[in-house]
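# Descriptive structure summary
Okay, here's what each chain looks like letter by letter:
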Amino acid sequence: MSALNVEFSDRELEDLRQIAKERGTTMKALVREATVADIARHRALQEGAEVFRRFFADNADAFADAFPDDERRNPGQAA
């Protein structure tokens, strides 16, 4: 497994030590858990955005009909 060295300020490191102690885990496990959770969140947001883009594209006409004032105008198109 690959590794990564991460630098923290003295205050951040002390906070990590305290949190890990309170949770009964190691600092390494705490940082890994937070990182993995953020990666999962990022992937979920990307997937959700893609689903929204597809939904919006598939229903563009319905959105245009429902919200005609919000339609983007092409250059030179009358308002």
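Procedures and definitions
Residues numbered from 1 in each chain as written. Predicted model: local features only at pLDDT ≥ 70, side-chain atom pairs only at ≥ 80, totals over all residues. Heavy atoms only, no water. Salt bridge = Lys/Arg side-chain N within 4 Å of Asp/Glu carboxyl O. Helix = DSSP H or I, 4+ residues; strand = E, 2+ residues; numbered from the N terminus. Buried < 20%, exposed > 50% of the residue type's maximum accessible area, 1.4 Å probe, protein only.

Applying the stated criterion across every chain yields a total of four salt bridges. Here Glu50 makes a salt bridge to Arg53, at a shortest N to O gap of 3.3 Å. Here Glu50 pairs with Arg53, and both are found in helix 2 (residues 27–58), just three residues apart, close to one helical turn. Judged by relative accessible area, Arg53 falls into the partly exposed class, the value being 49%. The salt bridge partner of Arg54 is Glu50, with a shortest N-O separation of 3.6 Å. In this pair, Arg54 and Glu50 both sit in helix 2, four residues apart, roughly one turn of the helix. Residue Arg54 is classed as partly exposed on the basis of its relative accessible area, which comes to 44%. Among the ionic contacts, a cluster of salt bridges with common partners joins Glu50, Arg53 and Arg54.

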